[in-house]
Amino acid sequence: EAGVTQFPSHSVIEKGQTVTLRCDPISGHDNLYWYRRVMGKEIKFLLHFVKESKQDESGMPNNRFLAERTGGTYSTLKVQPAELEDSGVYFCASSQDLTSGANTGELFFGEGSRLTVL
Amino acid sequence: AQSVTQLDSQVPVFEEAPVELRCNYSSSVSVYLFWYVQYPNQGLQLLLKYLSGSTLVESINGFEAEFNKSQTSFHLRKPSVHISDTAEYFCAVSETANNNDMRFGAGTRLTVKP
């Protein structure tokens, strides 16, 4: 079974440019999360999808960040325009729906997308 | 809202020595606690978790953590580390059974030297 995959693994862009990060969750996982880790600090929650709906986007830094999950499968996180402080590693994670009875309390993470804004 | 503090950003130890990675949390309600590990060039993987029941939980590779409610701690320990344990370890806390509110600490980088 394929795990959570993220693309690209590393992106280097200039301030003001646009970047789109993609996450493919484990098949059948309704929950999809985006997290960000900046400069070795804590991994901070950005937002949570349940299928295609945004359940919680309280962690999104500002309106330069836009996350979508059309069709409830893969998700994209777009940063437009990028600023220097957006640099960091963006993690995606997925988990099964609790009502399915199969949720073990575990989030399955991708390897992360490292974003460097110059 | 819940939060996690990992007191040590880096822990260097020699192979076969014991190690303890400290984690303290804050929450106003009952919590679920987790340790995740990130090996070089990999994603985070669940190492162990406390959901309920016994306060001492163990992983398959010899790590254990003990939930201490009075001290709001969930320290991770291993009596004898291996080179292969070199990784970054993240403590996490959730206040809900579905873990949709999971919050992480800043991580502790464990380096095991020969």
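Residues numbered from 1 in each chain as written. Chains lettered and ligands numbered in written order. Predicted model: local features only at pLDDT ≥ 70, side-chain atom pairs only at ≥ 80, totals over all residues. Heavy atoms only, no water.

## Brief notes about the overall build of chain A
Move 1: Check the secondary structure of chain A and you find zero helices and eleven strands.
Move 2: The C-alpha atoms of chain A give 14 Å as radius of gyration, which agrees with the globular expectation for 118 residues (13 Å, within 12%).
Move 3: Projected onto its principal axes, the C-alpha coordinates of chain A cover approximately 45 × 25 × 25 Å.
Move 4: A total of 118 residues make up chain A; the buried ones form 47% of that total.
Move 5: Within chain A, residue pairs in contact and separated by at least 24 positions form 53% of the contacts whose partners lie at least 6 positions apart.
Move 6: If you sum the accessible surface of chain A, you get close to 5900 Å²; carbon and sulfur atoms cover 47% of it.
Move 7: Here chain A carries 12 positive and 15 negative side-chain charges, and the mean point of each set is 6 Å from the other. (Helix = DSSP H or I, 4+ residues; strand = E, 2+ residues; numbered from the N terminus. Rg over C-alpha atoms; globule rule 2.2 N^0.38 Å. Buried < 20%, exposed > 50% of the residue type's maximum accessible area, 1.4 Å probe, protein only. Contact = heavy atoms within 4.5 Å. Areas by Shrake-Rupley, 256 points an atom, 1.4 Å probe, with all protein chains shown as cover. Lys, Arg positive; Asp, Glu negative; His and termini not counted. Charge placed at Lys NZ, Arg CZ, Asp CG, Glu CD.)

## Some points on the nonpolar core
Move 1: Of all hydrophobic cores here, the largest spans 28 residues; its most connected members are Leu33(B), Trp35(B), Leu47(B), Leu48(B), Phe74(B), Leu76(B) and Tyr89(B).
Move 2: For this core, the elements supplying multiple residues, two or more each, are β2 (10-14), β3 (19-21), β5 (32-38), β6 (44-50), β8 (64-68), β9 (73-78), β10 (87-94) and β12 (108-113) of chain B.
Move 3: Per-element accounting of this core gives the leading share, four residues, to β10(B).
Move 4: In this structure, Ile13(A), Val19(A), Ile26(A) and Phe49(A) belong to the second largest nonpolar core, which totals 21 residues. (Core = buried A, V, L, I, M, F, W, Y, C linked by side-chain atoms within 4.5 Å.)

## Here's the deal with the environment of Glu14(A)
Move 1: With respect to the helices and strands, the residue Glu14(A) is situated in the loop between β2 (10-13) and β3 (19-24).
Move 2: Sequence separation between Glu14(A) and Leu118(A) is 104 residues, and the spatial gap between their C-alpha atoms is 4.7 Å.

## Description of the state of the cysteines
Simply put, disulfide is the name for a covalent bond between the sulfur atoms of two cysteines.
Residue and element names in this part refer to chain A.
Move 1: Inspection of the entire model under this criterion finds two disulfides over all chains.
Move 2: Here Cys23 engages in a disulfide with Cys92; their sulfurs sit 1.8 Å apart. Measuring handedness by torsion sign, the sulfur bridge of Cys23 and Cys92 sits at about -65° and is left-handed. Within this pair, whereas Cys23 is found in strand β3, its partner Cys92 is found in strand β9 (residues 88-95), the two being separated by 69 residues in sequence.
Move 3: Overall, the relative accessible area of 0% leaves Cys92 in the buried class. (Disulfide = S-S within 2.5 Å.)

## So, the interface of chain A and chain B
Move 1: Opposite the 21 residues of chain A that make contact, chain B presents 22 residues.
Move 2: In total, about 1700 Å² of surface goes out of reach between chain A and chain B, with carbon and sulfur atoms giving 52% of it.
Move 3: Linking chain A to chain B there are one salt bridge.
Move 4: We note a salt bridge from Glu88(B) to Arg37(A), for which the minimum N-O separation is 2.7 Å.
Move 5: Inspection of the region where chain A meets chain B yields four residue pairs in polar contact (both at pLDDT 80 or more).
Move 6: The leading source of residues in the side of chain A that touches chain B is strand β4 (residues 31-37) of chain A, at four residues.
Move 7: Classifying every residue of the side of chain A that touches chain B gives eight nonpolar, seven polar and six charged. (Buried area = accessible area lost by both parts, 1.4 Å probe. Salt bridge = Lys/Arg side-chain N within 4 Å of Asp/Glu carboxyl O. Polar contact = N/O pair within 3.5 Å; in protein donor to acceptor, adjacent residues only side chain to side chain. Nonpolar A, V, L, I, M, F, W, Y, C, P; charged D, E, K, R; others polar.)

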